Structures are given as structure tokens and as C-alpha cells.
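Fold and geometry: a report
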Amino acid sequence: MSLYRLENIEQRYGGKTVLSIPDWSVAEGTITGLCGPNGSGKSTLLRLLGFTDSPARGRIFFRDRATDIYAGNLRKKATLLPQESYLLKRTVYRNIAYGLRIRGEKKNQRQRVAQALSLVGLDAESFAERPWYALSGGEARRAAMAARLVLNPEVLLLDEPTAGVDAQSAQMMKQAAADAHFKNGVTLVIASHDLQWLEDICTDIFYMFDGKLLGKGTRTFIFGPWEKTGDNGALCRLADGQVFLAENAPKDPAGAAAAIEPEELSLHLEKQDIPPEKTAVKGILVRLALEKHSGRLRASISAGHTEFIVYPDPKSIHRKGFLPGSPVWLAYTPQKVKWFGKERRP
Amino acid sequence: MDFILQGLTEAFRLLLAGDEETFSAVAATLKVSCLSMAASLALGLPLGFLLGYLRFPGRRKIRMVVDTLLSLPTVFIGLMVYAFVSSRGPLGEMNLLFTLPGIAIGQTILALPIVIALSATAVESLEAGLRTTLLSLGAGKYRLMTGIMWEARHAILAAALTAYGRVMTEVGISMMVGGNIKWHTRTITTAIALETAKGKFAMGIALGLVLLMIAFAVNAGVSFLRRK
Amino acid sequence: MKSFIRFLMPMVLAAAISAVPCLPAAAGDNARLLMATTTSTDNTGLLEYLEPYFEEAAGIDLRWTATGTGKALELGRNCDADVLLVHAPPAEKEFVKNGYGKNRTQIMYNDFVIIGPKSDPAGIKGKSVLGTLSAIKEKGAKFVSRGDDSGTHKKELSLWEKAGLQVPEKQNWYIQTGQGMLPSINIAEERSTYIMTDRGTYIKYAHERGGNPPLEIMVEGDPVLRNQYSVIQVNPENCPNVNAEAARKFSRWMAGQQAQDLIGEFKLMGKTLFIPNARQ
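Summarised in this report is the structure supplied together with it. Keep in mind that what you see is a predicted model, and the values were worked out from it rather than measured.

Once that is clear, we can look at the interface of chain A and chain B. Accessible area lost upon the coming together of the parts is a frequently used measure of interface size. Tallying the contact residues gives 25 residues for chain A and 19 residues for chain B. Both faces combined, the contact of chain A with chain B buries some 2,000 Å², and carbon together with sulfur accounts for 54% of it. Linking chain A with chain B are two salt bridges, by the criterion used here. Between glutamate 151 of chain B and arginine 90 of chain A there is a salt bridge, with its nearest N and O atoms 3.4 Å apart. Where chain A meets chain B, there are nine residue pairs in polar contact (both at pLDDT 80 or more). Breaking the side of chain A that touches chain B down by element, the ones donating at least two residues are helix 2 (74-77), strand 6 (78-81), helix 3 (92-102) and helix 6 (137-149) of chain A. Among the elements that make up the side of chain A that touches chain B, the one with the highest residue count is helix 3 of chain A (four residues).

What follows is the structure, given as C-alpha cells:
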């Protein structure tokens, strides 16, 4: 049984369709990551999952039951940490106790609030009685997180929980999210630009673009802007001036996104090692990491601010002496680039 | 311009010596402004919330009408209310002309657009993130409304104070509908108008200062509440 | 929410409490008389001086609203006052003729004076009123008019007509203030112009300036400058709800010996202001 199942969901704001998901589900007890550029529909999707917005069309099933945002106690099971962590204009304590008060859970309130604060690394003694305006951005974000954790939700939906906060707060947020999942079995759906974190923690990662889910898995997206070259080719100028080529481009590639699977990329130290049938861009190996859930070795290569994901053979990494910081050639075949077209809507 | 200084000392004398005429005007001012504030808040806050919160077709047009009504001239309101409560008017039977409740009707019309427009703006300006936040913490429809009103409390209080200031200081309605009848409908502002016409400028200034002191007391009380 | 209610409650309570005494008591009280009058009777303090005597004699609670004569007549027309005390004889006669009022009774008069700067640019000192107005118009000397349809304003207009002159309107020497008598005199003083005023207001103005006012009396004593005050009862045939009985009592009392004596004795800054003439 899936926890969430979305059926022909569409969401519109001001007459514009901002989300359209024909069929999608989230399994219970998993961590689902959502990534994609700003405005791709991540927050819209999370608001639907948190039952704070109703879809314009389609149905959302929660444990196979059709839902309505004001019906039953759905919002007591799933809680959303919105992107703007809005603190209510009251003390930190009353902010965190607000959800408990709504639920009529008065028992051990003080204790529970203090515990929730400690989960995000805030000291109850010095923070509980502070007014909403006496917190730094990171502290406010952590207090908002505590206000969700205190509710012991079954599903926690996090919208950019680490965006725009200091490193320590980001670390605390990640720790609190991980604890909620691994210690209390909370199902997590996380929207984030922190791909590294998502890849470390998530069971599945979904990419979103232009209001659509682009499918599961780790792949590198190149969001353009794309320029048309020749009959069906296109090129994207990376930030450092290099050119990334793709074939089979749509007629009007300007707003489209292209993706390349990790398997289609290979790493080379020297230019002469590049297979002759392939094209290459130059980048820097920025990270080598062990992917916890798959056990694979993952390499991140930065080329003109675009981060490419490759799963190299651990032996070749060892043999050839790849290290983070090494300049590398990233070889690919333009024909293997996949396109995710932006539909032109009237 | 020594009447300014005179006015200042006169103001204290009036208050400290418990001048009967002054206190009658003060009482009339307080009674009528309390009446009109109670009515305009009771009507205006829910309407302002709905206007600021709900999205419905024609909302912007209503908003424009309300904003336009912000510039209703008090003499015009006075004239319109007079036309209604005059013995010959549709509400003539109720004998509201030259009474405090009559003035209060006019002042309610004066204050209502202020309360509606400012509380709608207050609700509008915080709605975006707040609605999602309240819902995500488990609020239902009722909690959502009270939660939003409570978050907007400072702005709503400011709206009430703005309306109160306008109501306390208006003279057109009080003069036209109240008739400035001594011991009955003479408010501080109509008394000032009278004293000025009499050429007793110092007395006029004194009464103006008395009005300011009342306004100060009200504001001090509100700012005390605000800290809670 | 609690403190919000705490903020609203006192207001609502105070409103409720204050509404109680002024709602039903205001209606249908026989012993109450509402008079619409002109600012001059109120501003000089005459009404406040007379009020206790009348209330003692008649047992009627006298209330008045002081406005311009034009509005006072309009209040009477709309049945919003029981009795009028005004000073614009032609308009009053019209009012009675149209059936809005009855028993117009002359009570007293004072007089108007034309005042102006000591330099007297139009050379009007000592002239008759009609000669004065012609001279002012000829020289284009600045003249302030109330322009507010008050009794004084109506009087001024009638004088232009009597002098056979077209009533000035947009001429730049003719300044219409639309304000009360004293504010208008202040404007005339600031701009050193001529102005017609009732004597009572002039006495107060002169007193305020320490007896040495920049504007002095230029023309006085001309019979056309007489300012007649009359009491008119609002016609109960037109307005069934007026307190006709009290209005009649007031009218009689004002014309009676006691009130006439009192009016004659009333002084402002030591000077007699109104001359009773109910008997004439």
C-alpha cells in the first residue's frame, strides 16, 4: 500500500498550470527527494501532500483513501515545513505548542516542547520565552522545524529546509530530519537544492521541471538556455564558456531541459584518452562519495557550475589516481542526451 | 500670539478645576466615539477579514469602492445622515437628529471604510505564508480565521486607532447631525468651532489640548495592551 | 485573542452604557423646546443669559443649535426645530408666507456698522450707506463679504440692491469668506479692507484689540442698517410633530415684559447690544 497516490493531479495559479502529475506515489517509510530549478513545482507539490492546498484537478489518495484538505485529521498525520518558515507572532514556546494546543494535547506540553527544541539543537531554557523576532534566520528555521517535530507526525514534508541558513543550522536540520526517519520511522519528502544531501539520504530522488516529475533516479540535468544548431542539434553554453552538445533536440529548445544518465558519462585524466566517437567537456572532480543506500561510489564533476554525476569503477579511480581537485575530461555522446520538453501552452 | 500660552494654562485649569461645560463636552465626545467605534469595529473587522482573505470575483472592485470611501468628507456624511434622520427623512420617526446616537451613525459611516480597508490590508499583507503555516500545524477553518486575525492584531489595532482618531476629531458630522447643543450634543470639536467663532481662541486651543490628552490616554492604554 | 477581546470589551461596554440614557429619553419629551438660531445670538452669550429665566418661568428645557439664518430656516422647513430666532426679515416673511412658520414676532434689534481701516481709502467716513457702497465700488476698494447666506450676508446683499448697484460677485476687490462674523473681520483686518458687521461682534473685536482696533467704525446710524431679530414658530400644520405649545410659550415670553427688560439690560463688554422692540 502506498502512502500517497496522486491521480491526474493538476494545479493552477492565476490560470497558469504550474503542476501536472498523471500518476505518482510515495511509499510508506521512505525518504523521497525532490529536486529541480526554482519554479519547477516542488513547493506546489509539497503543499498538496501537506493538505494545505487542494488540487485544481485530480485526486490524492492517502493510504488509499481519497482526501479533502479540511476533512478528517489528515493534517494531523502529515505536516509541512514551508519554505518561508513563518513563525507566529508569539514566543518560541507558544509557537511550538500551537499545534499541540490545536490537537488538545495538553499533557507534558512543557516537556515535549523542550524535547522538540533539543532535537534541533536549541536550548529550551534560553529560547522558549523569546519572542518571534528575537531569533536569527537559522534559529527561526530550527524553531519552525521543532514546531513540526513536536507533533510526532507520520509524514514530514520539508521544503528547502537548509536553504538560506547558516552551516550549523543546516547541519542541525539535516540531523533532525534523519533522526525523525531513522529513529521514529517518519516518512520524509524533501525538496532541496542540496543534491549531495538528497543523494546521501534519499531512497528515491525525483527531478521536477516545468511542473512535471521527470522520473526517478540520479541523472544530470542541463536546464539550458539551449540554442539550436543545425537540423536537430542544440548547444548549451556552460558558465565557463564551454559548450555542451546534444542531438535530437526539440524544434524550440530554448526553454527545454536535457538530461544525461550517469552511465553515459566517462571520466578521463588526459585528452587523448577520450574515445574518438565521444565529445567531452573539461571539469574538476569535486567530490568522491559512497552512496549509503546503494553502496556505489559516486563522483561529482563540476564543469562551469553544472554538477555532473558519474558512477565510476572504483578500481579505475584507484589505478588512475583520481582525487577531488583533479582536472578531468568528461566524455559523452550527444545522441544519448534525453530531452524533457517544455510544453508550449496557450 | 499669547493666546497659545493662555490656551495651554487654560487647558490644565479646565481639567483640574473640573469645569462642568468642558466635562460635558468630554463625556459627549467619549460616549459618541465609543458608540461609533463599537459599531464600526463589530461590522468592519469581519468584513475587512473577508475582504482581505477571500479571493472572489469583484474583490478588487469592492476594494476600490472601500478605498474611495476613505475620502468621504465629514460634512458630506453629516449632510447625508441629516437627510435621513431629519423629521422629514426616512428615519425621522426615530428622533435621531440632534442626539448622540445620531452623530454615532455618521461617525460609524466615517470609521467603517477605515476599519475595513486597513484590516483587509493587514490580513492581506500577512496571508501568503501564514495560511500554509497555520494549516500545516493542523488548524481547521475556524482556527485559521482566529489565527490570522491574531497575527494581524497589531495592524488591526492600528486600524482601530486610526479610525478612533478620525472619529474623535471630526467636526462636520457632529455639527450637522448633533447641532452643537450645549449640555447635550456639544462635543469637544464643535465646542472648539464655537469658541473660535466667538473669538475665544485661547479657549479653543485649551479644548484642543484636552482632546489631545484624551487621545494620548487612549493610545497609552492601547500600547500597554499591545505589549501583551 | 484574549487581549484583543480585552481591548474591545471596554469600548463595547462603554458604548452600550452611554447609549442607554440618550436613546429613549431623547424622544417625545413635551417639556423640551428645540430652537434653531443664528450664531450672533449664541456667540454674544445672550441665549445663555436668558435661558435660566425662561426655564424657570415656563418649566421648559430650552435647547438651541446655532447656525446661519439660511440653515436655521431650512431646519424649520424640515421640521427639525420647534422655533426659530433669526434676523433676515424678507426671508422670514417668505418662510411664513409659504406656510412653514407662523406668528412671526419681532423681539429686538441691533444694528450693523460698516468698518474699515483708519486710512479710509474710499473716503466713506460719515457717508450714508448707499453713498458708501457706490464709493467702494467706484474706487474698487477692497470689501469683505460673509458670503455664507447668513442674516448678515442677506442684509448686505439687500443693501447693494437698495443702492441700485449690481451685487458684486467675481470682482477682485470683493472678497467672500464663507465664514462667521469674527473670522471674517479678522480676514478684513489682515487685508485692510472694509466690512459690514453687527455691532455686537464689533464690540467684542474692538475689546480684543485692547480698545484700539485697526478697523474702525466708518458708517453707522443709518436706518437701513437696523438688524431686526424675530421669533417664528414652526407651523404645526406643516410639521405635526413639533412642540407647538412650547414654541408658543417661548414666543410669548420673549415678547413679554420680563424678557424685554432682560434683553435691554444685557451688556457685552459694558455696552448695550440689543434694543428690545416687541412693543413697536
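Now that the structure has been shown, we can carry on.
Quick look at the sheet that holds strand 5 (residues 65-66) of chain A now. Residue and element names in this part refer to chain A. Reading across from one edge, 2-1-4-5 is the order of the four strands in this open sheet, with antiparallel pairing throughout. Single-partner strands in this sheet number two, and they are strand 2 (16-27) and strand 5. One ladder, built from five bridges, connects strand 1 (residues 2-13) with strand 4 (residues 57-62); its direction is antiparallel. Residue pairing for strand 4: arginine 5 is matched across the bridge by phenylalanine 61. Contacting strand 1, strand 2 and strand 4, helix 1 (residues 42-49) runs over the sheet at an angle of about 125° to strand 1.

Further remarks concern the side chain of serine 251 of chain C. Residue and element names in this part refer to chain C. Considering the arrangement of structural elements, one finds serine 251 in helix 10 (residues 244-255). Accessibility expressed as a relative area gives 4% for serine 251, which makes it buried. Only 3.4 Å separates the side chain of serine 251 from the side chain of threonine 105, close enough to count as a polar contact.

Definitions and limits used
Residues numbered from 1 in each chain as written. Chains lettered and ligands numbered in written order. Predicted model: local features only at pLDDT ≥ 70, side-chain atom pairs only at ≥ 80, totals over all residues. Heavy atoms only, no water. Contact = heavy atoms within 4.5 Å. Buried area = accessible area lost by both parts, 1.4 Å probe. Salt bridge = Lys/Arg side-chain N within 4 Å of Asp/Glu carboxyl O. Polar contact = N/O pair within 3.5 Å; in protein donor to acceptor, adjacent residues only side chain to side chain. Helix = DSSP H or I, 4+ residues; strand = E, 2+ residues; numbered from the N terminus. Pairing = 2+ DSSP bridges. Axes fitted to C-alpha atoms, helices over the stretch in contact; angles between N-to-C directions. Buried < 20%, exposed > 50% of the residue type's maximum accessible area, 1.4 Å probe, protein only.

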